[in-house]
Amino acid sequence: AQTVTQSQPEMSVQEAETVTLSCTYDTSENNYYLFWYKQPPSRQMILVIRQEAYKQQNATENRFSVNFQKAAKSFSLKISDSQLGDTAMYFCAFMKQWNAGGTSYGKLTFGQGTILTVHP
Amino acid sequence: EPEVTQTPSHQVTQMGQEVILRCVPISNHLYFYWYRQILGQKVEFLVSFYNNEISEKSEIFDDQFSVERPDGSNFTLKIRSTKLEDSAMYFCASVSGTGSTFGSGTRLTVV
């Protein structure tokens, strides 16, 4: 079974500054995906960024980037130029890669979440 | 961009009543999920559905819960006799090769 750990229950940052959210995971799988989801006060789950484990290059999406360390099983999210609209709960999540005959493809295992507050 | 639609957005029900939460997943997806999030806590897997049957379920998904996809479009989660501790946000997710698309959730309040 997979586990995902987010050790920072809460973080805060000043607008325009950079913040990094931590995530570690444990798995015996070699091929998998990692995600960061944003959950604003509306409680909708919004995909921020996705990383395939077989890719050495870290994923980036505009102001969001990850530091993926496969050997250390670490997957941190960096938010640059923080904006007030980034205030939300952020979840790290793990998904096994699809395999032939698999009937539970797409199952996500979530961390506990980090509440990020961006201050003006 | 295709969306996953969930209804209702908020439901209040009395303890012991049955509730049905509805989801319309993305039409060409094959794997469907229900997750639950108790307020302030992490998102927990409830059940996965593939090829018109349950493929995996968690310990939370006991006999009070059921899922079905009766008409090939709607994907429903039924709670037969709600308890106070069923109060939570329930998310439906539809899965493609690139990951999950979540609905906007149903907030269930059991009073």
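It should be emphasised that the depicted structure is a prediction, and the values quoted were computed from it without experimental measurement. (Residues numbered from 1 in each chain as written. Chains lettered and ligands numbered in written order. Predicted model: local features only at pLDDT ≥ 70, side-chain atom pairs only at ≥ 80, totals over all residues. Heavy atoms only, no water.)

Enquirer: Quick question: what am I supposed to make of the interface of chain A and chain B here?
Expert: Often, the extent of an interface is quoted as the loss of accessible area on bringing the components together. Contacts between the two partners involve 22 residues from chain A, matched on the other side by 25 residues from chain B. In total, chain A and chain B occlude about 2,000 Å² of area from one another, counting both sides; carbon and sulfur atoms represent 52% of this. Run the count over chain A and chain B and you get one salt bridge. Notably, a salt bridge pairs Lys107 of chain A with Glu56 of chain B, separated by 2.6 Å at the nearest N-O pair. For the side of chain A that touches chain B, the secondary structure elements donating two or more residues are β5 (32-39), β10 (88-96) and β11 (108-110) of chain A. No other element matches β5 of chain A, which puts four residues into the side of chain A that touches chain B. Looking at the side of chain A that touches chain B, its residues break down into ten nonpolar, nine polar and three charged. (Contact = heavy atoms within 4.5 Å. Buried area = accessible area lost by both parts, 1.4 Å probe. Salt bridge = Lys/Arg side-chain N within 4 Å of Asp/Glu carboxyl O. Helix = DSSP H or I, 4+ residues; strand = E, 2+ residues; numbered from the N terminus. Nonpolar A, V, L, I, M, F, W, Y, C, P; charged D, E, K, R; others polar.)

Enquirer: Is there a simple way to explain the sheet that holds strand β8 (residues 75-79) of chain B in this structure?
Expert: Hydrogen bonds along the backbone pair up the strands of a sheet, which may run parallel or antiparallel. All names here are of chain B. A sheet is described by the order of its strands in space; here four strands give the open sequence β1-β3-β8-β7, paired in antiparallel fashion. Of all strands in the sheet, those with a lone pairing partner are β1 (5-7) and β7 (65-68), marking the two edges. Between one strand axis and the next, the sheet turns through 15° on average, direction left out of account. As judged from the four bridges shared by β7 and β8, these two strands associate in the antiparallel manner. Within β8, the position partnered with Ser66 by the bridge is Lys78. (Pairing = 2+ DSSP bridges. Axes fitted to C-alpha atoms, helices over the stretch in contact; angles between N-to-C directions.)

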